[in-house]
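Summary of the model geometry
The chain contents come next:
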Amino acid sequence: MARVPDVRGFNNVVFFTGAGMSAESGVPTYRGKGGIWKEYDYDNCACQEAFDRDPEYVWEFHNYRRELVSKCQPNDGHRWIARCERELAGPNKRVTVITQNIDGLHQAAGSETVIELHGSLWKLRCCVCDWRAEDLSAPLRELRCPQCEEAGRADVYKRPDIVWFGDSLANSNLVAVQEALTRCDLLISIGTSAVVYPAAQMPLIAKRGGALLVEVNPEETPLSDIYDVAIRGTATKALAAMCGGLDEAAS
Ligand code: APR
């Protein structure tokens, strides 16, 4: 196994994050102990069929999540990643976050180049018209699409702009992901169980391009074998180990 890398030695760094990234902020993960899918059935609250059947219940679930996440702050791991972008990115150097998380905590910590693979808890759209909006209120109280209402349809609900089970990933995101992963020389995967596709296999694109692959997760995952370095610890500790050199540069 290769040694824990120092991010300063690379030109194109991709942080590929999952729910474990925000665990230390108090946002529950999906699987494992205390996982969201242990308590809620995603067939009833996180797919288009459920929304078509019972939008009020789906909104109850998403409002519960909006309220919970709105009380959480970015953790030191989010902050290290944002700092990497601020201090390392330049004319020939890039730092990109590809996240499966919908909580917005990378952006709240200051990261600017963030690809939200699974959408955002704070973005809304309409399934009937082209209405879209960003709304940070928690809970969201006005659930009907204002544009449809104006056009005489008061029964149309806003939909969270989240990639639910059975939805496709946005094409623009797939293109951006391909581009970022093809050119990266260091991929750091943090806090993902690597069981949800197509996201799970994306680090393979970086591997094929010759990047060094690091997995940060207290537990092994089904894709652990593809990684060059495994850090079996938490996101905040692992990021401090890989990014701590930035302090030297600053002093
Ligand atoms: N630091 C790093 N990793 C952690 C930490 C931590 N502090 N705490 C937990 N983990 C790890 C767990 O060991 C687990 O492997 O984070 C992982 C979280 O896995 P999941 O809950 O499955 O989250 P994720 O991989 O992001 O889920 C993928 O599933 O339901 C969908 O759309 C949802 O984007 C989500 C997708």
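Definitions and cut-offs
- Position labels on residues start from 1 in each chain and follow its written sequence.
- With pLDDT at 70 or above as the cut-off, local features in this predicted model cover only qualifying residues; side-chain atom pairs require 80 or more to be listed or tallied, and sums for whole chains, interfaces and linings still use all residues.
- Side-chain numbers come from the whole structure's heavy atoms, not from hydrogens or water.
- Under the DSSP-based scheme used, a helix requires at least four consecutive residues in state H or I and a strand at least two consecutive residues in state E, with every element numbered from the N terminus.
- One less than the residue count of a helix, multiplied by 1.5 Å, gives the span that helix is expected to have.
- Throughout this description, buried means an accessible area under 20% of the type-specific maximum (1.4 Å probe, protein chains only), exposed means over 50%, and partly exposed covers the range between.
- When checking whether two residues touch, look at their non-hydrogen atoms; a contact exists if any pair is within 4.5 Å.
- Residues are counted as near a molecule or strand when any one of their heavy atoms sits within 4 Å of it.
- Pairing of N or O atoms within 3.5 Å defines a polar contact, subject to two protein rules: one partner must be a possible hydrogen donor and the other a possible acceptor, and residues neighboring in sequence count only if both atoms are side-chain atoms.
- For accessible areas, the Shrake-Rupley method is used with a probe of radius 1.4 Å. Any residue's cover is judged against the shown protein chains and nothing else.
- Think of it as three bins: nonpolar holds Ala, Val, Leu, Ile, Met, Phe, Trp, Tyr, Cys and Pro, charged holds Asp, Glu, Lys and Arg, and polar takes everything else, Gly as well.
- Domain start and end points were adopted from an automatic or database domain assignment.
- Between any two strands, pairing holds if DSSP finds at least two bridges.
- Axis definition: a line fitted to C-alpha atoms, over the contacting stretch in the case of helices. Angles run 0 to 180 degrees between N-to-C directions.
- The directions considered for the arc are those from the helix axis to the C-beta atoms.
- Take a side-chain nitrogen of Lys or Arg and a carboxyl oxygen of Asp or Glu: if they are within 4 Å of each other, that pair is a salt bridge.

Let us look at helix H5 (residues 55-70). For H5, with 16 residues, the first-to-last C-alpha span of 22 Å sits near the 22 Å given by 1.5 Å per residue. Within H5, burial applies to Pro 55, Val 58, Trp 59, Phe 61, His 62, Asn 63, Arg 65, Arg 66 and Val 69. In this structure, the buried residues of H5 make contact with helix H2 (36-39), helix H3 (42-45), helix H4 (48-53), strand E4 (119-126) and strand E6 (158-162).

The full set close to the ligand counts 21 residues, and Tyr 30, Arg 31, Trp 37, Thr 192 and Ser 193 are the nearest of them. At a separation of 3.5 Å, a nitrogen atom of the ligand approaches a polar backbone atom of Gly 20. One of the side-chain N or O atoms of Thr 192 is found 2.7 Å from an oxygen atom in the ligand. The protein chains hide 89% of the 740 Å² of surface that the ligand would expose on its own. Looking at the shell around the ligand residue by residue, the classes come out as eight nonpolar, ten polar and three charged. Two domains share the shell around the ligand, each providing at least three of its residues, namely domain 1 (1-26 + 74-118 + 169-251) and domain 2 (28-71 + 120-162).

Read across the open sheet, the three strands follow the order E5-E4-E6; overall the sheet is antiparallel. The open sheet terminates on both sides in strands that have one partner only, identified here as strand E5 (132-134) and E6. Neighbouring strand axes in the sheet, compared pairwise and without regard to direction, differ in orientation by 35 degrees on average. Summarising the sheet, E4 and E6 pair through four bridges and their orientation is antiparallel. If you follow Leu 124 over to E6, its bridge partner there is Pro 160.

A separate point is helix H9 (residues 171-183). Two residues of an α-helix separated by three or four positions point the same way, owing to the 3.6 residues in each turn. Helix length check: H9 (13 residues) gives 19 Å between terminal C-alpha atoms against 18 Å at 1.5 Å per residue, within 8%. Every buried residue of H9 is accounted for by Asn 173, Val 177, Ala 180 and Leu 181. Taken end-on, H9 shows its buried residues confined to a sector of 90 degrees, consistent with a single buried face. Away from the buried face of H9 by more than 90 degrees, exposed residues Asn 171, Ser 172 and Val 175 are located.

This part covers the domain arrangement of the protein chain. In terms of domain boundaries, the protein chain breaks down into domain 1 (1-26 + 74-118 + 169-251) and domain 2 (28-71 + 120-162). Inter-centroid distance (C-alpha atoms) of domain 1 to domain 2 is 27 Å. Contact residues are listed per partner, giving twelve residues for domain 1 and twelve residues for domain 2. Between Lys 123 and Glu 116 there is a salt bridge, with its nearest N and O atoms 3.2 Å apart. Inspection of the domain 1/domain 2 interface yields three residue pairs in polar contact (both at pLDDT 80 or more). Among the residues forming the side of domain 1 that touches domain 2, the class breakdown is five nonpolar, five polar and two charged.

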